[in-house]
Structures are given as C-alpha cells and as structure tokens.
Amino acid sequence: MKQPFQLDELVRAYTELPIEGNIRSLPEDFIVDEELSFAPTGDGEHIFLQIKKTGKNTEDIARLLARHADVNRKSVSYAGLKDRNAVTSQFFSVHLPGKQAPDWQPLADSSFDLVSVTRHQKKLRRGALSRNHFSLRIREFRGDREVAEQRLQKIKQQGVPNYFTAQRFGHNANNLLYADQMLRKGKRVNDRFKRNIYYSAARSWLFNLVVAERIRQQKWDKAIAGDSMMLSGSRSCFNVEQVDEEIMNRVSELDINPTAPLCGRGEGMVTAEAAEIEADILSPWQGWIKGLEKARMDAARRAMRVSVSDLSWQWDGDDQLELVFSLPPGSYATAVLRELGRFTEPKASAV
C-alpha cells in the first residue's frame, strides 16, 4: 500500500532544477552547531553541558546523562532535537539540586565528546537558541554549476519555505500514521515522549499543507488580507487587515513573514482571505484538529518563510559542493536543500 503521507510531493517554491547528489554519505558531511540565545551564568542548580555527538540522537544522550548522574530522565533538558546521522554540537542541562556533579569524562568515546561544562540557575528550555549553524557537503554532485549558484543566490536573497521535513516525521513518515491512530481512532500511547512526537508530527503536517497551498497560489512570500505576520528573529505576531505599501516593503525586505498554523486550542489568529485559505485546506483534517484540541495542544503560528543567513558555498574538486549557513531554531537545513535539487541520503538518517 502506498504511504499516504508523501513529503516529496509538497510543492517547491522555485522551479525544480535538474540537480542531484548525495548528502550524509558520512556523518561529517552534515555538521550542526547550536548557538544559545543567552549566556549561562556559571552558577546554579543546573549543569549545562555542550556535547559533540556522532551517530546518536538527542534522546539517546539525554537518557545517558540521566543514568550517569543518577537522576530521573525528566531532570535532563535540551533546546532541540538533532539528527543521529550527523556531527552535532548541542547543549543539555541536568538538574542537580544540592548534589555534586559527577565526572562526565568517562562518558567520552568516539560518539561523545564533552566540549564544555558550566552551570545556570534555570533549566535549558526547548527553543532557547538564537540559531543553528550548518556545514553540509554534497557528494557526487550532478548538474550545472552556474545554474546551482544562481539558485543559491536566489535562496540567499529570498529565503525558502519553512517546511518541516522528513526528520520531523520519522522513518517513512510513520509518526504521521501513529498520530492518525491517536487523533482519529483514539489509540492510547503511554510513552509521553513518543506521544508528544506524534502530536508534533501531526501539527507539522497540517502546517506544511497550508504552506504548500500558499505556494501554489504564489502567496507564500507575500502578505494577504487577514494574515498573521511574524517579525523575523522573533515569535511576535500581528494581524494585517489590509496590505499597504509599508507591509509589502517589509515582507520584501524579509523583515516580516506570513505565518501558517500549528493547530490546537485557541483562536485561528487569521481573518479574511488568509482564514479562507486555511479553512479550505484544513477542512478534511477536522478529526486531527479536534484530537489536538482534546490533547490540550495550544494553537500557535510559525513563519511560512525562513531566511537563510550567512549562506556561502564552495566547490571541492569535480563533484563536491560545500554549503555553510545558519537558520533559526526549528527550521530545517533539508528545507533549503530541496529548493536546490534532489539529494539522496542514507535510509537510517531519521531522528
């Protein structure tokens, strides 16, 4: 049976190019470094560890730290999930009130490198990053270099759709199948971590559907009547009743972006034409939306477009392309790549 959730069928913003290649051939072909949105104070009950990991996902490390510190898993926090099939540097916090911190060095091995340790008065919360820095290598590049560079320049100037990509949905998008069983069929999932993963996958899929429709209508990078606009570098939103020249200029300058919904409890935050588009696209998914509301997921907005900061590239030999850029937390490097071409990656690279 065909998998009903076909991520690659989501429409692209720019004309698809005849460009192909391989990504993640080696873990070091996909490097991610987190940048915190604050500086730890150096004292407090929470141990902050910066860890460089290879071949392990974020939850693997969180459980490892909890066991080593002899604390409940809930005492370990992180800012965001990172891929297994990559070299990633990310931060964790371990709550140790009134306890001496263990020696973390025995954990070090070929997949785990302790970069730094400090303290802070509060735990590390999800999304508490200013950005993620990426260094990607495409191997066996096939296509016209000049055309690729023109597209990269366009991406640098205009951004890309802020799609959730395959990492969000698990192997073969199975997280969406599990979400459907929970939301429409009432299946119970006792594991809280898995349950939240499935809810997030469902919200992400609905968001993607709205973005795809706005792209079809050539309105993903434009403001329309009733839009909820988000300030770049912020989660602050405001509603636009009528689109005037000032709003158009701010959108063109990447200062503000239209948003799409992360469905849940609460007001839709859009009106007029924007609300009509969302209602039309989401009408077949009311079972999911009611399930998310019942699960007490709060409605939120996410920018439809993401700026690709500090984008640069260089060619290495005849068939390798290296890309370096930064994205805000929650945005995906693979959303950038899909606007450049079609790239193959190992099957086992899901989070």
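Structure first, text after, so check above.
Cut-off values and rules
Residues numbered from 1 in each chain as written. Predicted model: local features only at pLDDT ≥ 70, side-chain atom pairs only at ≥ 80, totals over all residues. Heavy atoms only, no water. Helix = DSSP H or I, 4+ residues; strand = E, 2+ residues; numbered from the N terminus. Contact = heavy atoms within 4.5 Å. Axes fitted to C-alpha atoms, helices over the stretch in contact; angles between N-to-C directions. Parallel < 35°, antiparallel > 145°, perpendicular 65-115°, else oblique. Left-handed = near helix turned anticlockwise from the far one by under 90°. Nonpolar A, V, L, I, M, F, W, Y, C, P; charged D, E, K, R; others polar. Patch = residues over 30% accessible without salt bridge, like charges linked within 9 Å, V, L, I, M, F, W, Y side chains within 5 Å. Areas by Shrake-Rupley, 256 points an atom, 1.4 Å probe, with all protein chains shown as cover. Salt bridge = Lys/Arg side-chain N within 4 Å of Asp/Glu carboxyl O. Lys, Arg positive; Asp, Glu negative; His and termini not counted. Charge placed at Lys NZ, Arg CZ, Asp CG, Glu CD. Buried < 20%, exposed > 50% of the residue type's maximum accessible area, 1.4 Å probe, protein only. Disulfide = S-S within 2.5 Å. Phe/Tyr/Trp six-rings, centres within 6.5 Å; stacked < 30°, edge-to-face > 60°. Lys NZ or Arg CZ within 6 Å of the ring centre and 35° of its normal. Pairing = 2+ DSSP bridges. Core = buried A, V, L, I, M, F, W, Y, C linked by side-chain atoms within 4.5 Å.

Q: Looking at this model, I keep getting lost on the environment of H68. Mind explaining?
A: Residue placement: H68 occurs in helix α1 (residues 58-69). Sequence-wise, H68 and Y163 are 95 residues apart; in three dimensions their C-alpha atoms are separated by 36 Å. Setting aside chain neighbours within four positions, we find H68 in contact with P102, D103, W104 and L107.

Q: Just checking my understanding: could you explain the packing of helix α5 (residues 192-216) against helix α7 (residues 272-282) for this structure?
A: When two helices pack together, you describe them by how their axes are tilted relative to each other and by the distance separating the axes. Direction vectors running N to C along α5 and α7 enclose 120°, while the axes themselves pass 10 Å from each other. By the angle class used here, α5 and α7 are oblique. For the pair α5 and α7, the crossing hand works out as right-handed. Seen from α5, the contacting residues are L206, L209, V210, E213 and R214; seen from α7, they are A274, I277, E278, I281 and L282.

Q: Just to check I follow, could you spell out the packing of helix α4 (residues 174-183) against helix α8 (residues 286-294) for this structure?
A: Interhelical geometry of α4 versus α8 gives an angle of 75° and a closest axis separation of 9 Å. In terms of orientation, α4 lies roughly perpendicular with respect to α8. Residues L176, D180 and L183 of α4 lie in contact with α8, whose contacting residues are G287, W288, G291 and L292. Classifying every residue of the contact of α4 with α8 by side-chain character gives 4 nonpolar, 2 polar and 1 charged.

Q: I tried to follow the environment of L36 on my own but got confused; where do I start?
A: Tracing the backbone shows L36 in strand β2 (residues 30-36). Each C-alpha atom, one on L36 and one on L337, is 24 Å from the other, the two residues being 301 residues apart in sequence. With near-sequence residues (within four places) excluded, L36 lies in contact with F48, F91, L124, A128, L129 and S130.

Q: Would you take a moment to explain a positive patch on the surface for this structure?
A: A contiguous patch of positive charge, built from K74, K122, K123, R125 and R192, is present on the exposed surface. Tracing the backbone shows R125 in the loop between β6 (112-120) and β7 (129-142). According to the relative accessible area criterion, R125 is exposed, its value standing at 55%.

Q: I keep staring at the state of the cysteines and nothing clicks. Help me out?
A: Between two cysteines, a covalent bond joining their sulfur atoms is known as a disulfide. Applying the stated criterion across every chain yields a total of 0 disulfides. The thiol sulfur of C237 is not disulfide-bonded, and the nearest other cysteine sulfur, from C263, lies at 14 Å. Judged by its relative accessible area of 7%, C263 falls in the buried class.

Q: Explain unusual backbone geometry here, please?
A: Both trends apply: most residues other than glycine have a negative phi, and most peptide bonds are in trans. Positive phi is not limited to glycine here, since A272 has a value of about 50°. With respect to the helices and strands, A272 occurs in helix α7. If you check the backbone angles, D310 has positive phi at about 55° while not being a glycine. Taking the relative accessible area as the measure of exposure, D310 reaches 53% and is therefore exposed.

Q: What is the right way to read the packing of aromatic side chains from this model?
A: By convention here, two paired aromatic rings are described through the distance between centres and the angle between planes. Taken as a whole, this structure holds 11 aromatic pairs when the rule is applied. Consider the rings of F169 and W205, whose centres lie 6.2 Å apart with planes at 90°: the pair is edge-to-face. Placement of the pair is F169 in helix α3 (residues 166-169) and W205 in helix α5, with a sequence separation of 36 residues. Given a relative accessible area of 6%, W205 falls into the buried group. Aromatic pair W285 and W288: ring centres 4.9 Å apart, planes at 65°, arrangement edge-to-face. Members of the aromatic cluster, each reached through a chain of ring pairs, are F30, F134 and F325. A cation over a ring is seen here: R63 above F193, with NZ or CZ 5.9 Å from the ring centre. Of note, R302 hangs over the ring of F164, and the distance from its end group to the ring centre comes to 3.8 Å.

Q: Mind showing me how you'd approach the sheet that holds strand β11 (residues 256-262) here?
A: Strand pairing within a sheet occurs via backbone hydrogen bonds; the two strands may be parallel or antiparallel. One open sheet holds the 4 strands; their spatial order is β10-β9-β11-β12, and the pairing between them is antiparallel. Among the strands making up the open sheet, the edge pair consists of β10 (237-239) and β12 (300-303). Ignoring strand direction, the axes of neighbouring strands in this sheet form an average angle of 45°. Examined bridge by bridge, β11 and β12 share 4 bridges and lie antiparallel to one another.

Q: Explanation requested: the pairing of β7 in the structure shown.
A: The two faces of the sheet receive side chains in turn, since in a regular strand these alternate between them. Pairing analysis gives 2 bridges linking strand β1 (residues 20-22) to β7, with the strands arranged antiparallel. Counterpart to E20 in the pairing with β7 is R142. In the sheet, β2 pairs with β7 via 7 bridges, with the strands oriented antiparallel. Its bridge partner being in β7, L36 is matched across the sheet by L129.

Q: Can you help me understand the nonpolar core in this one?
A: One broad trend across soluble globular proteins is that nonpolar side chains are buried collectively. Formed by 64 residues in total, the largest nonpolar core has its most connected members in I138, W205, L206, F325 and L340. Here this core takes 12 residues from α5, the largest share from any one element. When neighbours within four sequence positions are excluded, F325 is seen to be in contact with N132, H133, F134, L136, V308, S309, D310, L311, A333 and V336. I51, Y78, L96 and W104 belong to the second largest nonpolar core, which has 18 residues in total.

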